[in-house]
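Here are the chains, one letter per residue:
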Amino acid sequence: MCGIVAYVGPRDAQPILLDALSRLEYRGYDSAGLAILNGKGVEVRKKSGRIQELAKACASHPIQGQSGISHTRWATHGAATDANAHPHQDAAKKLALVHNGVIENYLELKTILSKAGHTFLSETDTEILAHLVGDAFQSSKAKGEARLVDAVRSATQKIQGTLGIAVIHTDFPGLVVGARRGSPLVIGVGEGENFLASDTQALAPYTSRVVILQDQEVVSLHADRFDVSSPLGDRTNVKIEEVENGVTHSDKGTYPHFMLKEIFEQPAAITNAFRGRLDVDAATAKLGGLNLGSQELRQIERICVLGCGTALHAGLVGKYLIETLAKIPVETQHASEFRYGDSPVSGRTLFIAVSQSGETADTLGAMREAKRRGFTCLGICNNVASTIARESDGGVYMHAGPEIGVAATKSFTSQVVIFTLLGLLLGRLRFLSAAHGRELIEAMENLPALITQALAHSDAIRAVAQRYAKHRSMLYLGRLANFPIALEGALKMKEVTYLHAEGYPSAELKHGVIALIDKETPTVLIATRDGVYDKNLGNLQEIKARGGPVIAVALEEDKKIITLADAVLPVPRTHELLQPILNVIPLQLLSYHAAVALGRDVDKPRNLAKSVTVE
Ligand code: M6R
């Protein structure tokens, strides 16, 4: 994780670094720091906590200078303290370095360096790299600024793990050297100024012209030029791309939190997911970005969905949708498990990597592994300039708009809508009748209004949340396509309230989970009217018989459940295949209101980051 920004140009670096860094806070917010070449040497400011804390430190002691580097941290090695914040320096204090990634052999390297007389000021893996670059600089035979480039190249060769780094050195006032392996790094090409950043979003107000650095490349960046070289030191010809960037709408509007704003944006977000992609006449979906013709789509024998967290939960709903609509067997895999496992995959399997950010390290790693084995991989991403979007063979953009709250909400429902479109398209190329296709299209078109109707219960849900927020532990149960909704509801609750919450298929209750039931452990039971409604009511009775409170997600018109459950979270009725999309809405609201009741930092919960760019 972590976010990096560097600047070289004619302007004051400090305000630019602070501003651009604030757009990367989604990558981590444990501490922040910057280093600027002030004409005499490297000057560093760093603070634990949010970028705001760093900004305050910089406001009281500003640094003057036109080139610098900065970092927002998600702690891997060492606690979130001032000392562990980046930038880190070498032994001679001549250079400063920021790093996004993990150095796997850092203990071994630390032992070697300590024996050679190095002392360290932090517990981080990054400080080791700063010392290695410093040592390599001392011993490099290269001349001029090529010496710093050479030092970066040779020090990074000693590292096992991932890195995106930016380095400045006292001897070279107008130079930033960057390198990447595994972690993303982009060059922002300005007019008489240049930038480096972990992603293009950081650069939105400054430039839309970018160069995406490739793995193992090193860049030396000046105000008026930049040179990219391969691991062997050969100069590389790069392509400047124009990105559709736009300044991120990071405005909460009238909402107190991004999470609530994004929950309420779902009618629009899902409309964007299906707009222009429905073919009413042919009763199917149009997904040109897949880059697969009808013949190829008909030949798919299996699908494997890769993702993490909420994105994987969307994939689990996708499994039900595609298996029901297209009768293609679908397996879902935790991306982190797939990339290192021996998972056998049969011939005509299509892979789908699902990721809001498109930068999740595990999902990217798993997708690369599937591609390495020769499989076609599609991406379902929100961030159009992301690595997964670029490296996949095709895919479907979500167009959900920026999701700032760490807890994923609108991205989940958008992803499920996209799986519905895929199911419809694949189904219509196989057995699904036009009549069934049309029914689904009609239901999809009505969905935004029904989400608005579900959101109208927010105040009532707040009252339920306030009643149950004091409990330490909660269970979430659902069957079939609502089992992933139970998982997603529990994940949301854990993330933003820090309460313990677990999701299970309802029928698993009696296989052990029921031992947890008592009057202090509420169960959220998803029991909308479907083929397993009566089974769910059976579970409800079993929980009540053991004194457990039940909060039921039920249809607005369900009068029966009101008499049985302790609280009801009402949802309108829709097509059975789309009902999970409506059922997740009250669960998002329940978590949000519970987190507010508990005084939690809703948009930036502890220990988390929006985009998990380390494995
Ligand atoms: O950006 P991605 O969709 O790849 O992120 C995957 C997960 O890290 C993410 O969904 C995470 O679980 C969310 N914080 C859940 O709210």
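Visitor: For the site of the ligand, give the residues involved together with the corresponding values.
Guide: Taken together, 15 residues surround the ligand, and among them S355, Q356, S357, T360 and E495 come closest. Measuring from an oxygen atom of the ligand, one finds a side-chain N or O atom of S357 at 2.6 Å. A408 has a polar backbone atom sitting 2.8 Å from an oxygen atom of the ligand. Put simply, the parts of the chain that give the shell around the ligand at least two residues each are α9 (309–326) and α16 (482–497).

Visitor: I'd like to hear about the sheet that holds strand β12 (residues 218–221), residue by residue, with values.
Guide: Backbone-to-backbone hydrogen bonds join strands into a sheet, with any given pair of strands oriented parallel or antiparallel. Spatial ordering of the open sheet is given by β5-β6-β7-β8-β12-β13, a layout of 6 strands whose pairing is antiparallel. Two strands lie at the open edges of the sheet, namely β5 (88–89) and β13 (226–229), each paired on one side alone. Across 2 bridges, β5 lies against strand β6 (residues 95–100) in antiparallel orientation. From the neighbouring strand, Q89 faces β6, where its bridge partner is A96.

Visitor: So, the domain arrangement of the protein chain: which residues are in play, and what are the values?
Guide: Put simply, an interface is often sized by how much accessible area is lost when its parts join up. The assigned domain composition of the protein chain is domain 1 (3–242), domain 2 (256–455) and domain 3 (456–602). Computed from C-alpha coordinates alone, the two centres of domain 1 and domain 2 are separated by 35 Å. Opposite the 5 residues of domain 1 that make contact, domain 2 presents 6 residues. Where domain 1 abuts domain 2, roughly 570 Å² becomes buried across the two surfaces, and 50% of that area is made up of carbon and sulfur atoms. At the boundary of domain 1 and domain 2, one finds 0 salt bridges. Applying the counting criterion to the domain 1 and domain 2 interface returns 0 residue pairs in polar contact (both at pLDDT 80 or more).

Visitor: Describe the packing of aromatic side chains, listing the residues and the values that go with them.
Guide: All told, the structure shown has 6 aromatic pairs when counted by the stated rule. Aromatic side chains F195 and Y206 sit 5.3 Å apart centroid to centroid with 35° between the ring planes, which places their arrangement in the tilted category. Separated by 11 residues along the polypeptide, F195 in strand β10 (residues 194–197) and Y206 in the loop between β10 and β11 (209–212) bring together distant segments of the chain. No difference in accessibility class separates F195 from Y206, as the two residues are buried. On the numbers, 5.3 Å between centres and 50° between planes, the contact of F338 with F351 is tilted.

Visitor: Please provide a residue-by-residue account of the sheet that holds strand β22 (residues 473–478), values included.
Guide: Strands sit in the order β23-β22-β24-β25-β26 across an open sheet of 5 strands; the sheet is parallel. A strand with exactly one partner marks an edge of an open sheet, and here the two such strands are β23 (500–505) and β26 (567–571). Averaged over neighbouring strand pairs, the angle between their axes works out to 20° when direction is ignored. In this sheet, strand β24 (residues 523–526) lies alongside β22 in parallel orientation, the contact comprising 3 bridges. The partner of Y476 across the bridge, within β24, is V524. Lying on the sheet, α16 is in contact with β22, β23 and β24; it crosses β23 at an angle near 175°. Packed on one face of the sheet, helix α19 (residues 579–597) meets β22, β24, β25 (550–555) and β26 and runs near 135° to β26.

Rules used in this analysis
Residues numbered from 1 in each chain as written. Predicted model: local features only at pLDDT ≥ 70, side-chain atom pairs only at ≥ 80, totals over all residues. Heavy atoms only, no water. Near = heavy atom within 4 Å. Polar contact = N/O pair within 3.5 Å; in protein donor to acceptor, adjacent residues only side chain to side chain. Helix = DSSP H or I, 4+ residues; strand = E, 2+ residues; numbered from the N terminus. Pairing = 2+ DSSP bridges. Domains from an automatic or database assignment. Contact = heavy atoms within 4.5 Å. Buried area = accessible area lost by both parts, 1.4 Å probe. Salt bridge = Lys/Arg side-chain N within 4 Å of Asp/Glu carboxyl O. Phe/Tyr/Trp six-rings, centres within 6.5 Å; stacked < 30°, edge-to-face > 60°. Buried < 20%, exposed > 50% of the residue type's maximum accessible area, 1.4 Å probe, protein only. Axes fitted to C-alpha atoms, helices over the stretch in contact; angles between N-to-C directions.

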